[in-house]
Structure formats: C-alpha cells, structure tokens
Amino acid sequence: MRYRPLLSLAVALLTAPAWADLDAAIDTHTLPRMDAFAAATARLAEAECDAMDHPFREAALAWAAAGHLTLGPVEEAGRGRAILFWPDGRDATGRGLRLLAGQDPAAWTPDALTRASVAARGLGALGRAIFEDAAPCPLTRALAADLAASAAALRAGWDGFADTLRTAGAPGNTRYLAPEEAQAAFLTALASGLEHTAEQRLGRPLGSFDDPRPLRAELRRSDLSLPIIIAALESLQDLAGTLADAPRTDAALDRALSQARAIDSPDLSAVADPAARARIEALQTTVRAAHRAALQEIGAGLGIVPGFNSADGD
C-alpha cells in the first residue's frame, strides 16, 4: 500500500549531529521486513484454496510491519496500492472483484491481473475471495500469485535502492544529495506510519460518536483490523529505536501497544459500543502523542526540524 500521508515534512537541515544509523535502518529494519513479506506471500501462493486463511493472515501482518516503508521500490508502478488498496471508501475492491469473477477464466492469470484495476488485486481482493467466498478458486489462486510476484519485485527492488540510500551525497546520486536526506526519508516513513495508524486505521472505523463506521476497518473480514495495528506499532517502534535514542517516543509507543493489546475486538466492531469505544479512542490519542513525540524528539536528534502539517492548511 502506498500511503498518501496527511503529514508533509518540510525539513531544514541543521548542524546538530545525526543520530541515525542508516545501515541499521536498512539492514536490521527494512530488509528483514521485506524478506518476511516476500516469504509470507510465497507461502500464500502455494496454499490450496481451502487452506489460505492462515497464510493470508501471515502475509497481511507481514505487510502491516513493512507498509510504512513507502520510499523507493514501493512507489514504482503503483506497487503499494496493488498490494493493498485501502482505504476504499467507494468499495472499488468489491466491484473490481465481481468484474473479474464474471470474466472468462482464461483471463485469471497473474500476468492478466497486472493489467487489472489495483482495487481488484492484492490483500484487499484476496481477503474478500478467501473470507467471503466471493471468487472462484482459480481466480483466488491467481490473485495470490500476483501478490507474491509484487512482493518479490518489491524485495528485489530494495537491493538497488538500499545502495541509493547508503550512497546519499556521493557523486552521481541524484536521488539523495546528502546523507541527511536519506535519514529524513526514514523519519518521514516513521511519522507517516504513525499518522496513518491514528487517522486511517483507527480514525476511519471510529467515525464519530453518533456515527461509528466499523465496516470501514482495514481487512475486517479476516479479523485483522486490530492485529494489523499492533503489528504496525511494533514495527514503527523498532524503526524509531533504530533512528535515534528517543525515550519519549518509545514510552508513548509502549503505552499504545499496551492499550491495543487490551482491546478485545479484532475487527474493531467495538467502536459501536460506547464503553469499548472509549478504549479505542484512548489508543488513537496515544498514537497521536507518539507521532508528535517522534517529530520533536527524533527530528531533533537527526538534525531535522519538521515543518508544517498538511492538516494545518498546507
């Protein structure tokens, strides 16, 4: 999934020493998560149609741990949206999947699916096919193979892009003109992931007190809405620790994880129950606090001043 984050980081590079270990951000945070996602989707593609539940959940959680890394290969050819088309306020996934299911089965190949709408591909479409029995088995298998191919291409793309990050500021590197720019890209990934979790993963199903929207929760049909949030927060906490010594950010993410693990509503349907809703709202507040702490604490540690927030009017 490629986020269109509400946050926009306008950065000014300062003279403070950078704390980020760029190699660690690549080698211990990014690449292992790309490996895990590629491996999980490969297992999903090998599964029989009546045994896809568990490998699907593994693949979805692996993406939750990697999806904040929207830099580099995930930006190419709309790959992120083809992996997970969400939010989907107009049910484009449902319409696209029904359209595919009505086509000649000869069109149900991974190659043909690369020309289909991104809304009808990836984890969103597969979740519908597996948990609502909305697609024939050959189409479901083709969707899984297409997802595995996207994950493999994403992982392969990181081999070259990792070198682009490592050589930031070197002659010939026109993508990152200074090491601080590569560090800023990881801070943007961290901040965007936190904001996406607060405003989309939690905010969309929360809706308002008078109008909760539980059907808008991410991958709710597979009971993964809350597990995705936990997996994302765990991964974002790891990235934060890789980027800087950030005790306030770490403490806020500890609180968020503790709150999330105490919620007994895997599909977040409890947003419609006033008592349970309060716990989910409290989680959103804590994630927002972690987002603010990361910008202030890690941004300063990296020698970066975060600028305006697009929610403030761009």
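**Things to note about the state of the cysteines**
With the rule as written, the count across this model stands at 1 disulfide. Cys 49 shares a disulfide with Cys 137; S-S distance 2.0 Å. Classification of the bridge connecting Cys 49 and Cys 137 rests on its S-S torsion, roughly 90°, and on that basis the disulfide is right-handed. In this pair, Cys 49 sits in the loop between helix H1 (22-46) and helix H2 (53-66) while Cys 137 sits in helix H7 (residues 137-166), placing the two residues 88 residues apart along the sequence. Exposure remark for Cys 49: the relative accessible area of 24% places this residue in the partly exposed category. The partly exposed category is assigned to Cys 137, whose relative accessible area is 36%.

**Section: the pattern of salt bridges**
It is possible for side chains of opposite charge to pair when their charged atoms get near one another. The tally for this structure, following the rule as stated, stands at 18 salt bridges. When the shortest N-O distance is used, the salt bridge between Arg 43 and Glu 58 registers 3.4 Å. Of the two residues, Arg 43 is situated in helix H1 and Glu 58 in helix H2; the sequence distance between them amounts to 15 residues. We classify Arg 43 as partly exposed; its relative accessible area is 43%. Residues Glu 199 and Arg 288 are paired through a salt bridge, measuring 2.8 Å at the closest nitrogen-oxygen approach. Within this pair, whereas Glu 199 is found in helix H8 (residues 179-206), its partner Arg 288 is found in helix H11 (residues 274-301), the two being separated by 89 residues in sequence. Relative accessible area serves as the criterion here: at 25%, Glu 199 is assigned to the partly exposed category. If you follow the salt bridges from partner to partner, you end up with Asp 23, Asp 27 and Arg 166 in one network.

Rules used in this analysis
- Residues numbered from 1 in each chain as written.
- Predicted model: local features only at pLDDT ≥ 70, side-chain atom pairs only at ≥ 80, totals over all residues.
- Heavy atoms only, no water.
- Disulfide = S-S within 2.5 Å.
- Helix = DSSP H or I, 4+ residues; strand = E, 2+ residues; numbered from the N terminus.
- Buried < 20%, exposed > 50% of the residue type's maximum accessible area, 1.4 Å probe, protein only.
- Salt bridge = Lys/Arg side-chain N within 4 Å of Asp/Glu carboxyl O.

Coordinates in, geometry out; function isn't part of it.
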